[in-house]
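Here is how the chains run, residue by residue.
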Amino acid sequence: MRIFMRRRSKLWTYLSATAFFLGCYFLYRNWYDFTNWKTEDDILSIRKRRYLDYQRGESSRSGPGEYGVPVILEGEEKKRADGLMAKEAFNIVASDKIALDRAVRDVRDPKCKDIKYPKVLPKASVIIIFHNEAWSPLLRTVHSVVNRSPPEYLHEVILLDDFSDRPELGSKLNAYVAETWPEGIVKIVRTDKRCGLIRARIEGAKPATGDVLIFLDSHCEAGPGWIEPLLFRIKQDRRNVLCPIVDAISDENLEFSSNGGYNVGGFTWSLHFTWRDVPEIDVKNRQYTDPVRSPTMAGGLFAVDREYFWEIGSYDPGMDVWGGENLEISFRVWMCGGRLEFIPCSRVGHIFRSSHPYTFPGNKDTHGINSMRLAEVWMDEYKRLFYVHRKDLLGKFPGDLTERKALREKLQCKSFKWYLDNVYPEKFVPDENVHAWGMVRNPSSNLCLDTLQRDEKIVFEMGIFSCQNGVSANQVFSYSLDGELRREEGCLTTHGEDGSVVKLEQCRNNSLQKWNHDKESGTIKHIESGKCLDRSNIPSGKSIIVKICKNGEDSQKWAFEHYLD
Ligand code: LR7
Ligand code: MN
């Protein structure tokens, strides 16, 4: 018995010693490999081994948040997370619990996995810009890029620090990067003053030497196989500018969801980016895996040929901090001979945050001024529609635009009308090809149809308010050739019960949204129900209704500000 015990403990000693030496060996191997390389090829083969090691281990991981599952906090931890939400604008406690190199689910369509790409593809410089990003999402972005990009296609990762002052982003970050990627594939570049994200991207692109630039926000996770389809599409034509499908990473629990819908980008006349359905015409005759053209990009995640990026004017360096550059580069790419596409087989997650976890120096409305710059340079006479929303900016000085205008001249770019007609023909232009537009006034009360600033993305009741004589964008409506009473995307909708309120719903070209306005009598009649838009005795600030039509009743008379026919 004793002998047996002794044998067993001996065996244990042997086993643990072996495990210890093996552990030391693997740690040493990584360090040794990278500090004793000889040639580029050696480095590449070592990087390949590391890449394969990660792939092999990817299916047998465990820990919070692995494979993109949500991290649900309770008790003290939840309290701490809630407390930090205002500052960080996402759940930093949950994020910190998740491995920096967690695996995510492969959310691509199965057909994507069958595509074979050529062995030789252009190489990418991935540029991740950040200002005071939290540690774990920043490094998770870098790990995801290195671990999910075949080494032969990843030329470098440039971490561009836009003058952060979080202490851990200084020497601690330097040390982490040097230790984790000793071969130097990840490089840190720092600005010496706060540049804002637009100039930061330019600064990040300057030192890059890969064939292709891929920009990412600093809170992303690249999905399996994300890089090949982007590079392949640029290899096919260097004028293709490409966006991955963006999967949402929850700001509440860091779940990597697969709801990166099959959408493309649009814009509002107030110059905000919007998601929209892929238009019918582009859905027909196509495979799921085909690239889909898009009028605009969201801004943060895209791939572009490096030389082409500089050729078409990189970014407008006169733009500050945040906003506008995404539509500017979108319009510019299309108008100056390029093409913008979403690539369904390339998926990248992004933490969508409801506020900005950083300051806007000088409290400036940078989105407004940046958008004004883009409207003045790229939108020709259509800039008027931006100013409908931004009357406050009329006459303001957007900074010097000479160089950007010269760029447009030099590149011989097409007009904004060409862009609307050819790239985004579905875009509703509120004052063109309509019967009438502007304020819709009830003369006897001097009240006007008004959105009352309610959120137009959700169905809401349409209101009335005292007429603002053309200064309020909330009172701009169009009477379309299809008989809709509409805003940019929303149409006045009713089932037509007597006395029921009228709602603003997404335009769907259906009969509940068709109206007939008679300029002479002033009535606006709901065609399906035969009821008339009626202000009755409804006070300013309340919702408008439809009622049985009474010929000549003052409360049913309406006049548009402008008639085109
Ligand atoms: O002064 C700054 N300096 C920076 O380096 C301010 C920000 N930044 C960094 C920041 O750390 C981050 O990595 O710039 C990046 C983008 O800033 P976010 O994440 O606050 O922007 P966002 O995701 O809210 O906004 C979207 O629109 C912006 C308009 O200017 C940019 O184009 C963002 O890149 C863009 N993000 C995306 O497109 C992600 C995809 C989802 C969508 C929609
Ligand atoms: Mn972002």
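Just so we're clear, the structure is a prediction, and the values are computed from it rather than from any experiment.

So, on to the nonpolar core. With 57 residues, the main nonpolar core has Phe267, Trp269, Leu271, Phe302, Phe331, Phe416 and Tyr419 as its most contacted residues. Ranked by residue count, the leading element in this core is helix H11 (residues 325-335), at six residues. Excluding residues within four positions of it along the chain, Phe302 makes contact with Leu213, Ile214, Phe215, Val241, Leu242, Cys243, Pro244, Met297, Tyr315 and Ile329. Membership of the second largest hydrophobic core comes to 38 residues, among which are Phe130, Leu216, Ile227 and Leu301.

What follows is about the coordination of the manganese ion (ligand 2). Coordination sphere of the manganese ion (ligand 2), protein contribution only: Asp217 (OD), His219 (NE2) and His350 (NE2), at 2.2 to 2.3 Å. Along the chain, the residues that donate to the manganese ion (ligand 2) are spaced as D-x1-H-x130-H. Taken as a pair, Asp217 in the loop between strand S4 (212-216) and strand S5 (220-222) and His350 in strand S11 (residues 339-351) lie far apart in primary sequence, 133 residues in all. With respect to burial, Asp217 and His350 carry one shared label: buried.

When glycine is set aside, most residues are seen to have a negative phi, and most peptide bonds are trans. Phi is positive for Asp380, which is not a glycine, with a value near 45 degrees. Relative to the assigned elements, Asp380 resides in the loop between helix H12 (366-378) and helix H13 (383-389). Using a relative accessible area of 26% as the deciding quantity, one classes Asp380 as partly exposed.

As a structural note, the neighbourhood of ligand 1 is formed by 25 residues, with Arg201, Ser218, Gly323, Glu325 and Tyr358 the closest of them. Within the side chain of Ser218, a nitrogen or oxygen atom sits 2.7 Å from an oxygen atom of ligand 1. Take Glu325: an N or O atom from its side chain is 2.4 Å from an oxygen atom of ligand 1. Protein contact buries 92% of the 820 Å² of open area that ligand 1 shows by itself.

What follows covers helix H8 (residues 227-236). Burial analysis of H8 places seven of its ten residues in the buried class, the great majority of the element. Taken together, the buried positions of H8 are Ile227, Glu228, Pro229, Leu230, Leu231, Arg233 and Ile234. Looking at the buried residues of H8, the elements they touch are strand S1 (124-130), S4, strand S6 (240-249), strand S10 (302-305) and S11.

With numbering matched to this structure, UniProt assigns "domain: Ricin B lectin" (unreviewed entry) to residues 434-561. End C-alpha to end C-alpha, residues 434-561 measures 13 Å, and it is 0% helix and 39% strand.

So, about the pattern of salt bridges. Taken as a whole and judged by the stated rule, the model has 47 salt bridges. Of the charged contacts, one joins Asp109 and Lys111 as a salt bridge, the two residues approaching to 3.5 Å between their closest N and O atoms. You can call Lys111 partly exposed: its relative accessible area is 45%. Its salt-bridge partner being Arg390, residue Asp365 comes within 2.8 Å of it at the nearest N-O pair. Separated by 25 residues along the polypeptide, Asp365 in the loop between S11 and H12 and Arg390 in the loop between H13 and helix H14 (402-410) bring together distant segments of the chain. When its relative accessible area of 35% is taken as the criterion, Asp365 is described as partly exposed.

So, how was this worked out
Sequence order as written defines the numbering, with residues in each chain counted from 1. For naming, the first written chain is A and the first written ligand is 1, with later ones following in the order written. Where totals are concerned, whole chains, interfaces and linings use all residues; where local detail is concerned, this predicted model gives features only for residues with pLDDT of at least 70, and gives and counts side-chain atom pairs only at 80 or more. Side-chain numbers here rest on the full set of heavy atoms in the structure, without hydrogens or water. As used in this record, nonpolar core signifies buried Ala, Val, Leu, Ile, Met, Phe, Trp, Tyr and Cys residues forming a set joined through side-chain atoms within 4.5 Å. Exposure is judged per residue with a 1.4 Å probe applied to protein chains only, and the accessible area is read against the type maximum: over 50% gives exposed, under 20% gives buried, and values in between give partly exposed. The way it works is that DSSP assigns letters per residue, a run of H or I at least four long becomes a helix, a run of E at least two long becomes a strand, and they are numbered from the N terminus. In what follows, a contact means two residues having at least one pair of non-hydrogen atoms within 4.5 Å. Water is not among the atoms examined, so metal sites may look incomplete; donors are the N, O and S atoms within 2.8 Å of the metal, or within 3.2 Å for Na, K and Ca. Each residue is tested against the molecule or strand, and it is near if at least one of its non-hydrogen atoms lies within 4 Å. Polar contact is the term for a pair of N or O atoms within 3.5 Å; when the atoms are in protein, one must be able to donate a hydrogen and the other to accept it, and sequence-neighboring residues count only if both atoms are side-chain atoms. Shrake-Rupley sampling with a 1.4 Å probe provides the accessible areas, and residues are treated as covered by the protein chains on show and by no other component. UniProt positions are given in the numbering used here, feature names are shortened, and annotations may be inferred rather than shown by experiment. The salt bridge criterion pairs a side-chain nitrogen of Lys or Arg with a carboxyl oxygen of Asp or Glu, the two atoms within 4 Å.

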